[in-house]
Amino acid sequence: MRYTKISALNPGLNDLLKKNKAQVVKNGQQKLVLTADQHHLPTEKISKSAVKVIKRLKQAGFEAYLVGGGVRDLLLGKTPKDFDVSTNATPEQVRRLFNNARIIGRRFKIVHIIYNNEIIEVTTFRGGNSTQLQVDTPISLNGKRYEVQVNPDGMLVRDNSYGTNIKDDAQRRDFTINAIYLDIQTGELIDFHGGLYDLTQGVIDIIGDPETRYREDPVRILRAARFSAKLGFKISKRTVQMIGPCANLLHSVAPARMYDEVNKLFLTGHAQATFKVLTALGLFTHLFSISPMLLNSSVCRSFLDHAFASTDQRFKENKCNKPHFLYAIVLWNEFIWNFYQQRDELLLSADDINYKDLISYLASKVVIQQYQITAMPEQIINSIALLWRLQFLLETKEPDKYVRETTSYHAFRAAFDLFKLRAEFDPNLRSRVDFWQPHYDRCKAESERRRLNDQNRQPERRSNGNEGSNSRRSRPERRDRSRGFGNSAPRRDGAGDQERAQNFEENAASRQKRINKARSWRQAMNLEP
Ligand code: ATP
Ligand code: MG
């Protein structure tokens, strides 16, 4: 996927973009402005809410531009996931202009403006040349508005350095293709880093010195991989060659942020391509506690490749992909390999084996190792362990005896999905797939029936817009037996309960989205504890 439209419609423009990029490479920044009739960006696809936000900011005398993934994706002919606005108004000034606005984050403030299911993220121009930032010392220039702190590793730990213009703001963004600004009033596209040319070439190119930028924020390494997989772009030589040497910096990223990044990498419809890019860059083992020996085995790789392909297929079909299933798949081989090894040792020592305890112990061990990298919520941890435990029930030699027990678990269907994936690689499991399939179909039909009944019975609950994606979880009749296994966790995750307690107007889905975005911004600046 490339932005070829401009060069196809205006052959001369391609030369202009190319020359401009050469200047950027030579001199750092080089401003290029394309008029509306030059770039043909489909402005009618821009969210009405984003337009409203920009117009109001401008009416109040501020500058405001559309920037980031919204502009990039429109240029690529894709539907943007969200729209980001960049302005010279401070967060407090933005909030005063909108009564549906919330300031998110304390040390790095951004503003979320909420329209029904949509969140427009407004960031104040950032400024300050990151390569000149002082180590471990907050710098203060021109009073309070400039405040940046870098730790001894070069990581940005505080960033409240508001700039005054988009030129400085562009310098602090991650990749050239993410730093193209659209002035919706004049229709002009403004590009300081040759991002438009990189879009025509299908290239991810980092802004500034790669090592410095990765040190400031190692998550940029993962973002490079994510955009490469998502857009099918190659990563420029200078951007890719510092990834290996800087990969260890990922270990200093807060595990909670890593958890969010891994979800973005694997649960947004590009898991198979992401797996390929991450393994090629040697990054996969930085994200998952899977031994390189296992990952290098062709069976394990094919299993993961196949599993990720089916995850992407589910995404295409609008079926949900949940984090616990992702982790259960990825770490399955690590878990089962540990299990067989430990069991064989116990068999040799002729000790009595309590299989339930052994499974519990090993599941905890594998999951806790993973937790050091990506801090999964407790509920997810329990669900991963449950999916693994259910594999043993599904494999049992006398399945008739265990139908009631196995199907009573809320995780039965997900466990069976994992089992089917395994059966693709293990012919011994196929007869069990045939046995369990009708039970799976029955449970699925029952669940669908219950969902419809719930809907019919509770119209007033639906109409308050608060049922969101959590409504199915609150169903009372199915038993959640994960408590008895591994760590005991509350029935639902705490975050869900907190959300319900808040009396916001937007529904649960958009609330969750807003919370995730807020967190990822704070994390982007390493401001999460
Ligand atoms: P998408 O929303 O499709 O995942 P995006 O590029 O819009 O892609 P966001 O996370 O929404 O990604 O960020 C919006 C913009 O903020 C980016 O396009 C980029 O300009 C800037 N940005 C985000 N994260 C970083 C970062 N870690 N370092 C520098 N700039 C960043
Ligand atoms: Mg975005």
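Everything quoted here is computed from the prediction, not taken from an experiment.

About the cut-offs
Residues numbered from 1 in each chain as written. Chains lettered and ligands numbered in written order. Predicted model: local features only at pLDDT ≥ 70, side-chain atom pairs only at ≥ 80, totals over all residues. Heavy atoms only, no water. Helix = DSSP H or I, 4+ residues; strand = E, 2+ residues; numbered from the N terminus. Buried < 20%, exposed > 50% of the residue type's maximum accessible area, 1.4 Å probe, protein only. Contact = heavy atoms within 4.5 Å. Areas by Shrake-Rupley, 256 points an atom, 1.4 Å probe, with all protein chains shown as cover. 1 Å grid on protein atoms, 1.4 Å probe; cavity = no way out; pocket = protein on both sides within 12 Å on 5 of 7 lines; lining within 4 Å. Points joined across faces, edges and corners; volume = space filled by probe spheres on them. Nonpolar A, V, L, I, M, F, W, Y, C, P; charged D, E, K, R; others polar. Near = heavy atom within 4 Å. Polar contact = N/O pair within 3.5 Å; in protein donor to acceptor, adjacent residues only side chain to side chain. Salt bridge = Lys/Arg side-chain N within 4 Å of Asp/Glu carboxyl O. Expected span 1.5 Å × (residues − 1). Bend = angle between axes of the 7 residues up to and from the residue. Phe/Tyr/Trp six-rings, centres within 6.5 Å; stacked < 30°, edge-to-face > 60°. Lys NZ or Arg CZ within 6 Å of the ring centre and 35° of its normal. pLDDT = per-residue confidence, 0-100. Core = buried A, V, L, I, M, F, W, Y, C linked by side-chain atoms within 4.5 Å. Pairing = 2+ DSSP bridges.

Undergrad: Could you give an account of the overall build of the protein, naming the residues involved and the relevant values?
TA: When you go through the protein residue by residue, the secondary structure sums to 26 helices and 12 strands. By the burial criterion, 52% of the 529 residues in the protein qualify as buried. Intrachain contacts of the protein at a sequence separation of at least 6 include 68% that bridge at least 24 residues. Approximately 24,400 Å² of the protein is accessible, and the part contributed by carbon and sulfur atoms is 48%.

Undergrad: Can you lay out the layout of surface pockets for me, pointing to particular residues and giving the numbers?
TA: Roughly 460 Å³ of volume is contained in the second largest pocket. Around the second largest pocket, the lining comprises 15 residues; the ones closest to its centre are Tyr-355, Ile-359, Phe-392, Leu-393 and Thr-396. Within the lining of the second largest pocket, the residues separate by chemical class into 8 nonpolar, 1 polar and 6 charged.

Undergrad: Can you tell me about the site of ligand 1, naming the residues and giving the values?
TA: With respect to spatial proximity, 17 residues lie near ligand 1, and among them Gly-69, Arg-72, Asp-217, Arg-220 and Lys-230 are the closest. Lys-81 is positioned such that a nitrogen or oxygen atom in its side chain is 3.1 Å from an oxygen atom of ligand 1. In the environment of ligand 1, a nitrogen atom lies 3.2 Å from a nitrogen or oxygen atom belonging to the backbone of Asp-174. Taking 580 Å² as the accessible area of ligand 1 by itself, protein coverage stands at 96%. Here the shell around ligand 1 takes 5 residues from helix 10 (residues 219–231), the largest share from any one element. Grouping the constituent residues of the shell around ligand 1 by class yields 2 nonpolar, 3 polar and 12 charged.

Undergrad: Got a sec to walk through the pattern of salt bridges? Specific residues and values, please.
TA: Summed over all chains, the structure comprises 21 salt bridges. Of the charged contacts in the structure, one is a salt bridge between Arg-257 and Asp-217, with a shortest N-O distance of 2.9 Å. With Arg-257 in helix 13 (residues 255–266) and Asp-217 in the loop between helix 9 (210–216) and helix 10, this pair connects stretches of sequence that are 40 residues apart. Neither Arg-257 nor Asp-217 differs from the other in exposure class; each is buried. Residues Glu-448 and Arg-451 are paired through a salt bridge, measuring 2.7 Å at the closest nitrogen-oxygen approach. Linking Glu-448 with Arg-451, this pair stays in helix 23 (residues 430–457), spanning 3 residues, or about one helical turn. Look at the salt bridges and you will find they share partners, linking Lys-21, Asp-198, Asp-205 and Arg-238 into a network.

Undergrad: Which residues make up helix 18 (residues 323–348), and what values do they have?
TA: A rise of 1.5 Å per residue sets the reference length of helix 18, with its 26 residues, at 38 Å; its end C-alpha atoms lie 37 Å apart and thus fit the reference within 8%. If you look at helix 18, its biggest bend is around 50°, right at Leu-331.

Undergrad: Give me the lowdown on helix 14 (residues 271–280), citing residues and values where you can.
TA: All of the buried residues in helix 14 are Ala-271, Thr-274, Phe-275, Val-277, Leu-278 and Thr-279. At the C-terminal side of helix 14, Gly-282 shows a positive phi close to 70°.

Undergrad: Account for the packing of aromatic side chains, naming residues and giving values.
TA: A full pass over the atoms with the stated rule returns 23 aromatic pairs. Geometrically, the ring pair formed by Phe-175 and Phe-227 is edge-to-face, given 6.1 Å between the ring centres and 80° between the ring planes. Within this pair, whereas Phe-175 is found in the loop between helix 7 (166–171) and strand 9 (180–183), its partner Phe-227 is found in helix 10, the two being separated by 52 residues in sequence. Residue classification places Phe-175 among the buried residues on the basis of a relative accessible area of 0%. For the pair Phe-339 and Tyr-355, a centre-to-centre distance of 6.2 Å together with 45° between the ring planes defines the contact as tilted. You can see Phe-339 sitting in helix 18 and its partner Tyr-355 sitting in helix 19 (residues 355–373), a full 16 residues away along the chain. One aromatic cluster in this structure is built from Tyr-259, Phe-266, Phe-275, Phe-284, Phe-288, Phe-308 and Tyr-327. The cationic tip of Lys-58 hangs over the ring face of Tyr-65; the distance from NZ or CZ to the ring centre is 5.9 Å.

Undergrad: I'd like a description of the confidence of the model for the protein, backed by residues and values.
TA: Summary statistics for the protein give a mean pLDDT of 84 and a share of 79% for residues scoring 70 or more. Here residues 462–506 scores under 50 on pLDDT; set against residues more than four positions off or in separate chains, the count is 82 contacts. Long-range and interchain partners of residues 525–529, a stretch whose pLDDT sits below 50, account for 20 contacts in this model, where long-range means more than four residues apart.

Undergrad: Break down the nonpolar core for me, with residues and values.
TA: Counting 123 residues, the largest nonpolar core has Leu-57, Phe-266, Phe-284, Phe-288, Leu-304 and Trp-388 as the members making the most contacts within it. At 11 residues, helix 18 tops the list of elements feeding residues into this core. If sequence neighbours within four positions are ignored, Leu-304 has contacts with Phe-275, Phe-284, Leu-295, Ile-329 and Val-330. Listed in part, the 10 residues of the second largest apolar core include Tyr-65, Ala-170, Ala-179 and Ile-207.

Undergrad: An account of the side chain of Lys-58 is requested, with residue identities and associated values reported.
TA: The residue Lys-58 is located in helix 4 (residues 48–59) in this model. Looking at Lys-58, the relative accessible area reads 19%, which means it is buried. Here the side chain of Lys-58 touches Asp-183 through a polar contact of 3.0 Å, side chain to side chain. Other than its neighbours up to four places away in sequence, Lys-58 contacts Ala-64, Asp-183 and Gln-185.

Undergrad: Any details on the pairing of strand 10 (residues 188–191)? Residues and values, ideally.
TA: With 3 bridges joining them, strand 1 (residues 32–34) and strand 10 adopt antiparallel strand pairing. In the strand pairing of strand 10, Val-33 is matched with Ile-190. Across 4 bridges, strand 9 lies against strand 10 in antiparallel orientation. Bridge pairing in strand 10 links Leu-182 to Leu-189. In sequence, strand 9 turns back onto strand 10 through a hairpin of 4 residues, with Gly-187 there showing a positive phi of about 80°.

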